[in-house]
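A structural walkthrough
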Amino acid sequence: MKNAGYWIQNLCLCKHPEGGYFRETYAAKDAIGVCCLGSGYDGPRPVSTAIYFLLPGNEFSAFHRLRSDEIWHHYDGSSLTIHMLVQDGGYRKIRMGLDYKNGEQPQVLIPAGVWFAAHVNNKDSFTLSGCTVAPGFNFRDFELGRRDELVKKYPEYKQLIVQLTCS
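Description of the structure in this document.

Quick notes on the rules
- Residues numbered from 1 in each chain as written.
- Predicted model: local features only at pLDDT ≥ 70, side-chain atom pairs only at ≥ 80, totals over all residues.
- Heavy atoms only, no water.
- Phe/Tyr/Trp six-rings, centres within 6.5 Å; stacked < 30°, edge-to-face > 60°.
- Helix = DSSP H or I, 4+ residues; strand = E, 2+ residues; numbered from the N terminus.
- Buried < 20%, exposed > 50% of the residue type's maximum accessible area, 1.4 Å probe, protein only.
- Salt bridge = Lys/Arg side-chain N within 4 Å of Asp/Glu carboxyl O.
- Contact = heavy atoms within 4.5 Å.
- Pairing = 2+ DSSP bridges.
- Axes fitted to C-alpha atoms, helices over the stretch in contact; angles between N-to-C directions.
- Polar contact = N/O pair within 3.5 Å; in protein donor to acceptor, adjacent residues only side chain to side chain.

Focus: the packing of aromatic side chains
Overall, the coordinates contain nine aromatic pairs when judged by the stated rule. Ring centres 6.3 Å apart and planes at 75 degrees place the aromatic pair Tyr52 and Tyr75 in the edge-to-face group. Highlighted residues: Tyr52 in strand E5 (residues 49–56) and Tyr75 in strand E7 (residues 69–77), separated in sequence by 23 residues. By relative accessible area, Tyr52 is classed as partly exposed at 25%. Ring centres 6.4 Å apart and planes at 70 degrees place the aromatic pair Phe137 and Phe142 in the edge-to-face group. Its relative accessible area of 15% is what places Phe142 among the buried residues. Among the aromatic residues, those joined into a cluster by ring pairs are Phe22, Phe137, Phe139 and Phe142.

A closer look at the pattern of salt bridges
Across all of its chains, the model carries nine salt bridges by this definition. Between Asp141 and Arg45 there is a salt bridge, with the nearest N and O atoms lying 2.6 Å from each other. In this pair, Asp141 sits in the loop between strand E12 (126–134) and strand E13 (142–144) while Arg45 sits in strand E4 (residues 45–46), placing the two residues 96 residues apart along the sequence. The exposure class of Asp141 is buried, given its relative accessible area of 7%. Close ionic contact of Asp141 with Arg67 constitutes a salt bridge, the shortest N to O distance being 3.3 Å. Taken together, the residues span a long stretch of sequence, with Asp141 in the loop between E12 and E13 and Arg67 in the loop between strand E6 (60–66) and E7 at a distance of 74 residues.

Points about the side chain of Ser78
Structurally, the position occupied by Ser78 is in the loop between E7 and strand E8 (80–85). Sequence-distant contacts of Ser78, defined by excluding residues within four places in its chain, comprise Val120, Asn121, Asn122, Ser125, Phe126 and Thr127.

Here we look at the sheet that holds E6
Strand order in the open sheet formed by five strands is E9-E8-E11-E6-E13, with antiparallel pairing between adjacent strands. On the outer flanks of this sheet lie strand E9 (91–96) and E13, each paired with one strand and no other. Geometrically, the sheet is characterised by an average inter-axis angle of 25 degrees between neighbouring strands, direction not taken into account. Note that E8 and E9 share six bridges and pair antiparallel. Paired with Leu80 across the bridge in E9 is Met96.

A word on the pairing of strand E2 (residues 21–27)
Alignment of strand E1 (residues 14–15) against E2, held across two bridges, turns out to be antiparallel. Across the sheet, Lys15 pairs through a bridge with Tyr21, a residue of E2. Between the antiparallel neighbours E1 and E2 lie five residues, among them Gly19 with a positive phi of about 115 degrees. Note: E2 against E5, six bridges, orientation antiparallel. Opposite Ala27, over in E5, you have Thr49 as the bridge partner.

Focus: the side chain of Thr81
Position of Thr81 among the secondary structure elements: in strand E8. A polar atom in the side chain of Thr81 sits 2.6 Å from the side chain of Asn121. Apart from residues lying up to four places away in sequence, Thr81 is in contact with Lys93, Ile94, Arg95, Ala117, Ala118, His119 and Asn121.

Here it is as structure tokens:
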């Protein structure tokens, strides 16, 4: 039976700043110039990028946001819950996994600019997923959420924010 350690070792995954482990597997050779990107980009970006992302059951992916859309794909392990704090002050919760009849989705879109965090639903397991970003990912477009700022903006979700932020 494959566990988190098996995938971390065999896929050569490294620690990610938001929590979990990752490795970039694809960056398109074609790029989109600043003139064609939306506001806020400081240089060209690959058309698309992809990574493996593994989250052990005892960790969480802390609230963060990207300047680009991101699609998560479930590969192995337990289902995962993704929490999204949307710009209008609303909240969405999606279960990503392979049990479609029980409300899980094998693929989840996180729109650009949305604060989101995730945790594994079975703490004794892990989730192996893939993440595709378009326009392509660049750490300059990644923002880790600050607990105090998120609580101020979304006070009704304080307990969740405290649980899924580092500071």
